[in-house]
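# Reading the structure
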Amino acid sequence: MKYLKIKYTVPLLLASGCICFFVISCLKKPDEKNPACVGKDRWDVKTLTDIGELNINYTPIYTSVKELINIPLTNTINDNTPRFGIEFNTYSIKCRIREYKLSDDGDYHLVLEDIQNSSVTMVGEIPDEYCASVQQSKHLSSFVKARTDFKQSLLSTAQVDTSVYTITGVAFYDKIHGQLGAAPNAIEIHPILSISKK
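Keep in mind that what you see is a predicted model, and the values were worked out from it rather than measured.

## Brief notes about the overall build of the protein
A count of helical and extended segments in the protein gives 4 helices and 6 strands. Counting only residues that meet the buried cut, the protein has 44% of its 198 residues in that class. Considering only intrachain contacts with a sequence separation of at least 6, the fraction spanning at least 24 residues in the protein is 69%.

## Thoughts on the nonpolar core
Of all hydrophobic cores here, the largest spans 28 residues; its most connected members are Ile-97, Leu-110, Leu-112, Met-122, Ile-167 and Ile-187. Going through the elements one at a time, helix H3 (65-68), strand E2 (89-102), strand E3 (108-114), strand E4 (121-126), helix H4 (140-151), strand E5 (165-173) and strand E6 (187-197) are the ones with two or more residues in this core. Apart from residues no more than four positions distant in its own chain, Ile-97 is found in contact with Leu-110, Val-111, Leu-112, Phe-150, Val-160, Tyr-165, Ile-167 and Ile-195. Membership of the second largest hydrophobic core comes to 8 residues, among which are Trp-43, Leu-48, Ile-56 and Val-134.

## Details of the side chain of Asp-174
Turning to its location among the elements, Asp-174 is positioned in the loop between E5 and E6. Lacking a salt bridge, the buried Asp-174 has Lys-46 as its closest oppositely charged neighbour, with an N-O distance of 4.5 Å. Setting aside anything within four residues of it in sequence, one finds Asp-174 in contact with Lys-46, Ile-77, Gln-179, Ala-186 and Glu-188.

## A closer look at the pattern of salt bridges
Under the defined criterion, the tally for this structure stands at 9 salt bridges. Two residues, Glu-113 and Arg-98, come together in a salt bridge whose shortest N-O distance is 3.0 Å. Highlighted residues: Glu-113 in strand E3 and Arg-98 in strand E2, separated in sequence by 15 residues. A residue is classified by how much of its surface remains accessible, and Arg-98, at 40% relative accessible area, is partly exposed. Where Lys-197 meets Asp-161, a salt bridge forms, and the shortest distance between an N and an O atom there is 2.9 Å.

## Some remarks on the side chain of Asp-114
Counting through the fold element by element, Asp-114 comes out in strand E3. Although Asp-114 lies buried, it forms no salt bridge, and the closest oppositely charged side chain, Lys-66, sits 6.7 Å away as judged by the N-O distance. At a separation of 3.1 Å, a polar atom in the side chain of Asp-114 contacts the main-chain amide nitrogen of Asn-117. Beyond its immediate sequence surroundings of up to four residues, Asp-114 is in contact with Ser-64, Val-65, Lys-66 and Val-120.

What counts, and at which threshold
- Residues numbered from 1 in each chain as written.
- Predicted model: local features only at pLDDT ≥ 70, side-chain atom pairs only at ≥ 80, totals over all residues.
- Heavy atoms only, no water.
- Helix = DSSP H or I, 4+ residues; strand = E, 2+ residues; numbered from the N terminus.
- Buried < 20%, exposed > 50% of the residue type's maximum accessible area, 1.4 Å probe, protein only.
- Contact = heavy atoms within 4.5 Å.
- Core = buried A, V, L, I, M, F, W, Y, C linked by side-chain atoms within 4.5 Å.
- Lys, Arg positive; Asp, Glu negative; His and termini not counted.
- Salt bridge = Lys/Arg side-chain N within 4 Å of Asp/Glu carboxyl O.
- Polar contact = N/O pair within 3.5 Å; in protein donor to acceptor, adjacent residues only side chain to side chain.

Okay, here's the thing in structure tokens:
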């Protein structure tokens, strides 16, 4: 009898565990990959929560992917490098989005493609509004809207609509570590503040 009790109790416990996991998974937001938020590498600069944010010029400079990736990187980048140079500028570009992924830190990582030369790419990222540190940014509402607008551009196959997009955001130099679609000078639009398509 003891054997029978164990025999049927174990599968029941496993089944209960699966049901609990399923319920918890369903309660999560569809793009909430990492609510704990493990972002690093100049995280405050990426999320506009750094001291230097006060000096950013939010009037956009209209440019292109090709022009941005040809701006020389003059500083050595480490995890704690403060905002510098063109990182105080906001840029607006017309581009296509070749592909995207949901990063481990919850950000949407977009590969932005020059509309004149599809081999020329750079990265743009939209922060995760569920991240506690991102919620400290006074630009949180812009991040939320940008993510919503981006998700509306996704097709049923999870591919991105091949339209031309206008993307506006603040310049950011990342460390080069083999990022998907990274520019040779590691320039990014990070964070993206708005995204729209024709």
